[in-house]
Amino acid sequence: MDGISDLAFFSLLVKRGSLAAAAQELGVTPPSVSKRLAGIESRLRVRLLNRTTRRISLTPEGEIYLADGARLVAELEALEQRISGGHITAKGLLKVSATFGFGRRHITPQLSAFARLYPEVDVQLHLTDRPVNLVEQGIDADIRFGQIPDARLTARKIADNRRLVCASPSYLKNHGVPLVPRDLQKHNCILLRESDEIYGSWHFSSGTKQETVKVRGSLSANDGECATAWALDGQGIVVRSEWDVAPYLRSGRLRAVLEDWQLPQADIYIVFPTKNHLSAKTRALVDFMLKSFENQRRDRTDREKIIW
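Let me begin by describing the structure that accompanies this report. Nothing here was measured: the structure is a model prediction, and the numbers come from that model. (Residues numbered from 1 in each chain as written. Predicted model: local features only at pLDDT ≥ 70, side-chain atom pairs only at ≥ 80, totals over all residues. Heavy atoms only, no water.)

## Digging into the sheet that holds strand 4 (residues 121-127)
And step 1. Read across the open sheet, the 5 strands follow the order 4-3-5-14-6; overall the sheet is mixed. The strands lining the two open edges of the sheet, one partner per strand, are strand 4 and strand 6 (153-159). Within the sheet, the average angular offset between the axes of one strand and its neighbour, ignoring direction, is 25°.
And step 2. As defined by bridge partners, strand 3 (residues 92-98) adjoins strand 4 across 7 bridges and the pair is classed as parallel. Residue pairing in the sheet places valine 96 in a bridge with leucine 125 of strand 4.
And step 3. Running over the sheet, helix 10 (residues 280-292) touches strand 3, strand 4, strand 5 (141-145), strand 6 and strand 14 (268-273) and is turned about 45° from strand 3. (Pairing = 2+ DSSP bridges. Helix = DSSP H or I, 4+ residues; strand = E, 2+ residues; numbered from the N terminus. Axes fitted to C-alpha atoms, helices over the stretch in contact; angles between N-to-C directions. Contact = heavy atoms within 4.5 Å.)

Next up, the structure:
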């Protein structure tokens, strides 16, 4: 094995956190992973990892090898891209995360189309409504909603979106229509436990006015589709993404209320770790998603394509 492939192997091993996990991803046996690691350490004449049967940890030499090695691999790919005129083939494992609902309905079919365009890329989709740490979990790209506070990440908006307060016509007929946010305290609100947001607190703004309402309800879930189903069944008022409820609003099965008030930003972004040299596979995915969702961005321009 050459030095560069050894660096890539070692980086993968550290990201997976164990010999068994790395072996599973590489499609080999744990003993073969252990043998290769031992070969690298023998060649370098240093110990790179402290390892037990269940976990591994970096030695000081291993930390240097990992940090400088990742930089060297990225610089090599950037060099090859410059020499080849930017025509590096996207290949290798691409790990993508997304939320359950949006991921199932909108990201899954897009990744299927992406896989046809890039047959040398192995796409692994991870669906979760919990926050993910791209850097620590080795995720190449995440599809997420709202603002991106982490300075270690780069975000590109792929689609406009907003959160809406809505309920079924039958519920509003029986219980009345809220006219201002504080009216929600008199209503049965369907609560969603996800993304570590403050449970049951809905934040509104209208111009310079800000209002936070503590709402209550008899039904709560950690899955948005369950919350939407309850709202359709006339159980109460719910906050859902426009992407989730647009068909029901068009058909009249749900009705938006408090339309003069805005909820926190919910535009949809593709997020990836900030690096000097982004891998060809991640770069290809970002460009593909920007193109695929371009009709869902009101501010779309030809300049939306990333200049790498």
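Back to the write-up after that little detour.
## Section: the sheet that holds strand 12 (residues 238-241)
And step 1. Overall, antiparallel pairing links the 3 strands, which are arranged 12-7-13 in an open sheet. Edge positions in the sheet fall to strand 12 and strand 13 (255-257), since each of these pairs with one other strand and no more. Taken pair by pair, the neighbouring strands of this sheet meet at an average axis angle of 55°, ignoring direction.
And step 2. Strand direction decides the pairing type here: strand 7 (residues 163-167) and strand 12, joined by 4 bridges, are antiparallel. Across the sheet, the residue bridging to valine 165 is valine 239, located in strand 12.
And step 3. Contacting strand 7, strand 12 and strand 13, helix 9 (residues 242-251) crosses the sheet at an angle of about 105° to strand 12.

## Here we look at the packing of helix 5 (residues 100-117) against helix 10
And step 1. Relative orientation of the contacting elements helix 5 and helix 10 amounts to 125°, with a least axis distance of 11 Å. The orientation of helix 5 relative to helix 10 falls into the category oblique. Along this stretch, helix 5 crosses helix 10, giving a crossing that reads as right-handed. Of the residues in helix 10, those in contact with Ile107, Gln110, Leu111, Ala113, Phe114 and Leu117 of helix 5 are Lys281, Ala284, Leu285, Phe288, Met289 and Ser292.
And step 2. Split into classes, the residues belonging to the contact of helix 5 with helix 10 amount to 9 nonpolar, 2 polar and 1 charged. (Parallel < 35°, antiparallel > 145°, perpendicular 65-115°, else oblique. Left-handed = near helix turned anticlockwise from the far one by under 90°. Nonpolar A, V, L, I, M, F, W, Y, C, P; charged D, E, K, R; others polar.)

## Here's the deal with the pattern of salt bridges
Two side chains bearing opposite charge may form a pair once their charged atoms approach each other closely.
And step 1. Within this structure, the stated rule accounts for 11 salt bridges.
And step 2. Its salt-bridge partner being aspartate 244, residue arginine 105 comes within 2.4 Å of it at the nearest N-O pair. Here the residue arginine 105 occupies a position in helix 5, and aspartate 244 occupies one in helix 9, the gap between them amounting to 139 residues.
And step 3. Accessibility expressed as a relative area gives 16% for aspartate 244, which makes it buried.
And step 4. The residue aspartate 160 makes a salt bridge to lysine 157 at a minimum N-O spacing of 2.9 Å.
And step 5. What makes aspartate 160 buried here is its relative accessible area of 8%.
And step 6. Judged by relative accessible area, lysine 157 falls into the buried class, the value being 17%. (Salt bridge = Lys/Arg side-chain N within 4 Å of Asp/Glu carboxyl O. Buried < 20%, exposed > 50% of the residue type's maximum accessible area, 1.4 Å probe, protein only.)

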